[in-house]
Amino acid sequence: MHLKRTKRNILRALLALLALLVLVIIGAQWMAKDAIAGFLKNKLPAHVQLDYNDIEVNVLTGSAKLKTIALKVGTQDSLRGGTAKINTLEVVGLGYWQFLVHQKIRLRTLYIERPILTYGLKNKKTDTASRGKNPLGNLEALEIGSIKVVDGGVTFYKDQSDSVVLKLDSVHIEISDVATDASRIVTKLPVTYSSLGFSATSLMADLGPYETLGGSKVEINHGALVISDLTLKSKYSKRELSLHLHKEHDFIDLKIPKLSFESIVLGYRKGTYWVRTGVAVLEDPDLELYRDKLLPDDTERKKLYSEALRELPIQLDIPKIEISGGHIAYSERVNTETAPGKINFAKVSAQILHVQNIPNKNLKTSVEAKALLMNEAPITLNWSFDTQKKSDAFLASGTVKGFNPKNLNPFLESNLRVRARGDIQELYFTVSGDAISSSGDMKMKYEDFEFSVLKKDRLRINKLLTAIGRVFVNDGSNTDENGYRYGGIEAQRDPTKSFFNYLWLNVSDGLTSTIIGNGKNERRKK
């Protein structure tokens, strides 16, 4: 009897304890829910407004879930504010003691389902009042084991308009070991993390009044970046673009099926952002360029590549860029009577080393490229420069072999009113120069070379000018013992033109000197 009474007492005590525990859990659930709701209502930064339909809290698992969220962010620095709609936001493994007592958020996982973000960009950073303030509000620190974003979307709009600047669909993000605090959040790199996974589709970026950037998929995994079906395109057709321009500007159509970087690392040091990557690979790029030369010249000064790299606002370090299977087509419209002439480069491959502007690194940027000119003649280009030299000194050399000039006649006839024939067996040139002038040498082995000057209609030959020209042009018969003729190169750079225009001036001067000059190797004579 006494034993039965003892068992009943123990059972009652257990039941009472269980009931007390249930009450404590219910109270804790209510307190936690009320504390989170109060925090979201009263403790968020003033520029952040958050609304939601429901909140669920489980103190046993340390989880909290918000459903059907509407987030509004006011103007901040370069942003003029935006909104986000989120199906579900769930935190797992929340440390309630740290949150309630120390105003620190520590959680194991932050899960965000279908966030659709829209932001507007400001033209200028006019709102500087928030600089130096803590966007975390009253929070002292934030530590998250992992952040997972599923099936999101991002759209940035231009200042005070509905014009899309950047758009991404199907955004998936996974970040590990995310941390920040009140002192770090106001620095240039406000958050630390150990790893980042990212994927998105339907990339679209507005690059200004004339071009857009696109891509079917963007992926980042363990620091490696891959962009599929990357495009850089003019917004208008060739004819339409000319109607929108007040000076020369290239029509561009670039397609790269796959662009990849082995790794990308970002940082900030001594007041400057830096980007360091692994090897970059461009597979089968296809580039079409067209210029309407009937428009007024663009007389703005053009930077050489060494100066452009040197003056980048960030420090860049790309050890190698590899290009394979490329194709380039360039055409110009120089008159209204004939179709634009075109130059083609097929099977373009290149290796570009040390694309960098790191002070005191003492590594020259170099390019080794080869292709088939007009789909048949092998050509090469070797070119190097030092970004640290403010003279923009460079060295370039190239070769052309087995080229029949008549294959270039559609371009020559349209652009230079010249028709050529013959056989250029070998051509070699070397040029050294800087931002002002250049000099070099050329040698050629060719046979039966001659050209005809066309009349303005580009259909008939101007017999007088052609006859005069043939008096001065050597057909390739007056050569040295190895069959070469030689010429010198002297050129002055037009600072309103590109580097490749500068390079062409050198090659053109060398061709003229070799074909019209005495053909002697003047350096050998010395």
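In this text, all values refer to a predicted model and were calculated from it rather than measured experimentally.

### Looking at the overall build of the chain
- The number of helices and strands found in the chain is eight helices and 22 strands.
- Across the 526 residues in the chain, those meeting the buried criterion constitute 38%.
- When contacts within the chain are restricted to residue pairs at least 6 apart in sequence, long-range pairs at least 24 apart make up 62% of them.
- In the form shown here, the chain has an accessible surface area of approximately 29500 Å², with 57% of it arising from carbon and sulfur atoms.

### Regarding a nonpolar patch on the surface
- A contiguous nonpolar surface patch, about 250 Å² in accessible area, is contributed by Leu189, Tyr268 and Tyr273.
- Relative accessible area serves as the criterion here: at 32%, tyrosine 268 is assigned to the partly exposed category.

### What about empty space enclosed by the protein?
- In the structure shown here, the tally under the stated rule is two cavities of 30 Å³ or more.
- Counted as a void, the largest cavity has a volume near 50 Å³.
- Lining the largest cavity are Leu304, Tyr305, Ser306, Trp383, Phe385, Asp392, Ala393, Phe394 and Phe499.
- Listing elements by their share of the lining of the largest cavity, those giving two or more residues are α4 (305-310) and β18 (377-385).
- Across the lining of the largest cavity, the residue classes break down as seven nonpolar, one polar and one charged.
- There is about 30 Å³ of room inside the second largest cavity.
- Every residue lining the second largest cavity is listed: Lys238, Leu241, Ser242, Leu245, His249, Phe251, Tyr290, Arg291 and Asp292.
- Of all elements in the fold, only α3 (238-244) and β14 (286-292) reach the threshold of two or more residues within the lining of the second largest cavity.

### Points about the confidence of the model for the chain
- In this model, the chain carries an average pLDDT of 83, and 76% of its residues clear a pLDDT of 70 or more.
- Long-range and interchain partners of residues 126-131, a stretch whose pLDDT sits below 50, account for eight contacts in this model, where long-range means more than four residues apart.

### Side note on the environment of serine 170
- In this fold, serine 170 is placed in strand β6 (residues 164-181).
- When its relative accessible area of 30% is taken as the criterion, serine 170 is described as partly exposed.
- Serine 170 sits 29 residues away from serine 199 along the chain, and the two C-alpha atoms are 7.7 Å apart.
- The residues contacting serine 170, other than those within four sequence positions of it, are Asp151, Gly152, Ser199, Ala200 and Thr201.

### Regarding the nonpolar core
- Core analysis: the largest hydrophobic core is formed by 61 residues, its most contacted members being Ile321, Trp383, Phe394, Phe403 and Phe429.
- Ignoring any residue separated from it by four or fewer positions in sequence, one finds isoleucine 321 in contact with Ala280, Leu282, Ala350, Gln351, Ile352 and Val355.
- By size, the runner-up hydrophobic cluster in this structure holds 19 residues, among which are Leu66, Ile86, Ile105 and Leu107.

### Here's the deal with the side chain of serine 234
- Following the sequence through the fold, serine 234 ends up in strand β9 (residues 224-234).
- A polar atom in the side chain of serine 234 sits 2.9 Å from the backbone nitrogen of isoleucine 252.
- Once residues lying within four places of it in the same chain are set aside, the contact partners of serine 234 are Tyr210, Glu211, Leu241, Asp250, Phe251 and Ile252.

### A word on the packing of aromatic side chains
- According to the stated counting rule, one finds 12 aromatic pairs in the structure shown.
- Centroid distance tryptophan 383 to phenylalanine 499: 4.3 Å. Interplanar angle 5 degrees. Geometry classified as stacked. Of this pair, tryptophan 383 sits in strand β18 while phenylalanine 499 is found in helix α7 (residues 499-516), placing the two residues 116 residues apart along the sequence.
- On the basis of relative accessible area, phenylalanine 499 is assigned to the buried category, the value being 4%.
- Between the aromatic rings of phenylalanine 394 and phenylalanine 499, the centroid separation amounts to 5.4 Å while the plane-to-plane angle is 85 degrees, which identifies the pairing as edge-to-face. Residue phenylalanine 394 is found in strand β19 (residues 394-403), and its partner phenylalanine 499 is found in helix α7; the two are separated by 105 residues along the sequence. The same class applies to phenylalanine 394 as to phenylalanine 499, namely buried.
- Taken together, the aromatic side chains of Tyr305, Trp383, Phe385, Phe394, Phe499, Phe500 and Tyr502 make up a single cluster linked through ring pairs.
- When the ring centre of tyrosine 290 is taken as reference, the NZ or CZ atom of lysine 238 above it lies at 5.3 Å.
- Taking NZ or CZ as reference, lysine 445 lies 4.7 Å from the ring centre of tyrosine 484, over its face.

### Description of the pattern of salt bridges
- Applying the stated criterion to the full structure yields 22 salt bridges.
- Where glutamate 143 meets arginine 106, a salt bridge forms, and the shortest distance between an N and an O atom there is 3.4 Å. You can see glutamate 143 sitting in strand β5 (residues 141-157) and its partner arginine 106 sitting in strand β4 (residues 104-121), a full 37 residues away along the chain.
- In this structure glutamate 143 comes out as partly exposed when scored by relative accessible area, which is 35%.
- Several salt bridges converge on common partners, so that one network encompasses Lys247, Asp298, Glu300 and Lys302.

Calculation rules
- Residues numbered from 1 in each chain as written.
- Predicted model: local features only at pLDDT ≥ 70, side-chain atom pairs only at ≥ 80, totals over all residues.
- Heavy atoms only, no water.
- Helix = DSSP H or I, 4+ residues; strand = E, 2+ residues; numbered from the N terminus.
- Buried < 20%, exposed > 50% of the residue type's maximum accessible area, 1.4 Å probe, protein only.
- Contact = heavy atoms within 4.5 Å.
- Areas by Shrake-Rupley, 256 points an atom, 1.4 Å probe, with all protein chains shown as cover.
- Patch = residues over 30% accessible without salt bridge, like charges linked within 9 Å, V, L, I, M, F, W, Y side chains within 5 Å.
- Salt bridge = Lys/Arg side-chain N within 4 Å of Asp/Glu carboxyl O.
- 1 Å grid on protein atoms, 1.4 Å probe; cavity = no way out; pocket = protein on both sides within 12 Å on 5 of 7 lines; lining within 4 Å.
- Points joined across faces, edges and corners; volume = space filled by probe spheres on them.
- Nonpolar A, V, L, I, M, F, W, Y, C, P; charged D, E, K, R; others polar.
- pLDDT = per-residue confidence, 0-100.
- Core = buried A, V, L, I, M, F, W, Y, C linked by side-chain atoms within 4.5 Å.
- Polar contact = N/O pair within 3.5 Å; in protein donor to acceptor, adjacent residues only side chain to side chain.
- Phe/Tyr/Trp six-rings, centres within 6.5 Å; stacked < 30°, edge-to-face > 60°.
- Lys NZ or Arg CZ within 6 Å of the ring centre and 35° of its normal.

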